[in-house]
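Chain residues, written in single-letter form:
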Amino acid sequence: MRYEVDFLVLGSGIAGLSYALKVAEHGSVIIITKADASESSTKYAQGGIATVMYSPDSFEKHISDTLIAGAGHCNEESVRITITESRDRIKELIDWGTNFDKNKSGDYDLAKEGGHSEYRILHHQDNTGFEIERALLERAKNHPNIIIKENQYTVDLITQHHLGEIVTKSREDVECYGAYVLNQKDNKIDTYLAKFTLLATGGNGNVYDTTTSPIVSTGDGQAMSHRAKAKLADMEFVQFHPTSLYNPKEKPSFLITEAMRGAGGILKTKDGEPFMIKYDKRENLAPRDIVARAVDSEMKLRGDNHVYLDCRHIDKKELMRHFPNIYAKCLEIGINITKEMIPVVPAAHYSCGGVVVDSNAQTTIKNLYASGECSCTGLHGANRLASNSLLESLVYSHRGAIHSISLLNSVKIKSQVPEWDAEGMVLNEEMVLISQSVKELQQIMSNYVGIVRSDLRLKRAFDRIGLIFKETEELYNRSVMIPELCELRNLIANAYLIIKMAMARKQSLGLHFSIDYPPTH
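These remarks concern the structure in this document. (Residues numbered from 1 in each chain as written. Predicted model: local features only at pLDDT ≥ 70, side-chain atom pairs only at ≥ 80, totals over all residues. Heavy atoms only, no water.)

### Describing the overall build of the protein
Stage number 1. Within the protein, the secondary structure is distributed over 13 helices and 16 strands.
Stage number 2. For 521 residues, the compact-globule formula gives about 24 Å, and the C-alpha radius of gyration of the protein, at 22 Å, lands near that figure.
Stage number 3. Principal-axis analysis of the C-alpha atoms gives the protein an extent of 65 × 50 × 45 Å.
Stage number 4. Out of the 521 residues in the protein, the part that is buried amounts to 61%.
Stage number 5. A separation threshold of at least 6 residues defines the contact pool for the protein, and within that pool the share at least 24 residues apart is 75%.
Stage number 6. Of the charged side chains in the protein, 60 are positive and 67 negative, and the gap between their average positions amounts to 2 Å. (Helix = DSSP H or I, 4+ residues; strand = E, 2+ residues; numbered from the N terminus. Rg over C-alpha atoms; globule rule 2.2 N^0.38 Å. Buried < 20%, exposed > 50% of the residue type's maximum accessible area, 1.4 Å probe, protein only. Contact = heavy atoms within 4.5 Å. Lys, Arg positive; Asp, Glu negative; His and termini not counted. Charge placed at Lys NZ, Arg CZ, Asp CG, Glu CD.)

### Concerning unusual backbone geometry
Comment: phi is negative for the bulk of residues other than glycine, and the bulk of peptide bonds are trans.
Stage number 1. In this chain, Ser55 is followed by Pro56 through a cis amide linkage whose omega measures 15°.
Stage number 2. Residue Pro252 is bonded to the preceding Lys251 through a cis peptide linkage, with omega at -5°.
Stage number 3. Topologically, Pro252 is positioned in the loop between strand 10 (238-245) and helix 6 (259-262).
Stage number 4. Phi at Glu283 is positive, roughly 50°, even though this residue is not glycine.
Stage number 5. Within the secondary structure, Glu283 is located in the loop between strand 11 (266-268) and helix 7 (288-302).
Stage number 6. For Ala361, which is not a glycine, the phi torsion comes out positive at approximately 70°.
Stage number 7. With respect to the helices and strands, the residue Ala361 is situated in the loop between strand 14 (354-356) and strand 15 (368-370).
Stage number 8. By relative accessible area, Ala361 is classed as buried at 1%.

What follows is the structure in structure tokens.
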């Protein structure tokens, strides 16, 4: 099948849906999503979304907190854009039907998380992302100009390469014409041609063995952009959330939101001793990179497979009111958080880097935009401040929408794009080759490219990933397309980029911590 549309949106989280709702007022929109439309990282965001609502908080305080968390690596222009535009974007979310918790006086019940100097986190109990996804998806499904196509796997972006053209000048000469998409219902690859394409494909958490990311987070947008010659940056800055529920049988790992530490939760060793004071004067409210390294250090020093988060001293009614889903989840595995400590362990959680975009969410490829976790705006720098990610998606999708709408009448659809060529491909019967390669890759990344790194570990990871890449490309070049093979290929590309950029950074900075380059402060 062949489709033509004004705006093609790849992904159905907050970044994709908010962009789609805005551009749909000016043209036709198709949203492609690889699973159910509701299945995105947005859905799993527990803590909330940050903005300045009341005094004594201020934009300057929020900006300062973001810059400090980013370890001096943030793009200050991006930080100022995001923070100063945040309140207007969140008001739109509320107008679109999102409900945030309020206190008895009718004001928004703001929470505080690690790295924040004030209470500024809007939330809906402990499932804020689920509430945002519900409101946006409901609105998108009812919009006459939006078509949502579920269970469609985007294989690759369409550029001049698919027309047989060679781009010889620079990557800025590459143009995007849409995407080739695998229809998982009939296993045929369809051609989607668009004036503008938005990457809103989320993160790459599944390059690691333990992650809070949903199984759909395989870095598809980052990998496709890399193959299309887009610029990517800061991929080495992978944020590990300090507190995922220690439950080895479960994947993805269940997140224990940072808001629990904001509410008074204390990290302790197995024998009940608090330890964060040894690592930072802010103790349990230090930024995530510091807390994750502290937890990792305590586990290694003691030989333990987890630490504990103690919330027993928090008022039971408050605990139940703010964190009902965490209470229910822990109870499910036999832990009553009002009486027992929660076993927690760090897990890969968020990628601060990705496809480089400008202040209008434009990538270095013409007519290709990116927003959300797959992008790199410079907001997060070397370490994301808690609850800034949903905010970033809203702000940059809004800016991308305004910019692409302004160009709508000057861009034409490239109708001469050929259909996908699957001649000579055979159905791959060796699924075990794919599943085993995924396990190997995840183990390599977790063991060698995790919270603490070294030159030797990175070199070993680079060599091992190179072998998996070679084997997978041989399989890919002779196989009929299936999502599992495409995802493996994309995971390899993401692992390669993370390792390569980590090897190039000869310093410990934020989330990239190397024993060969001790911090200077």
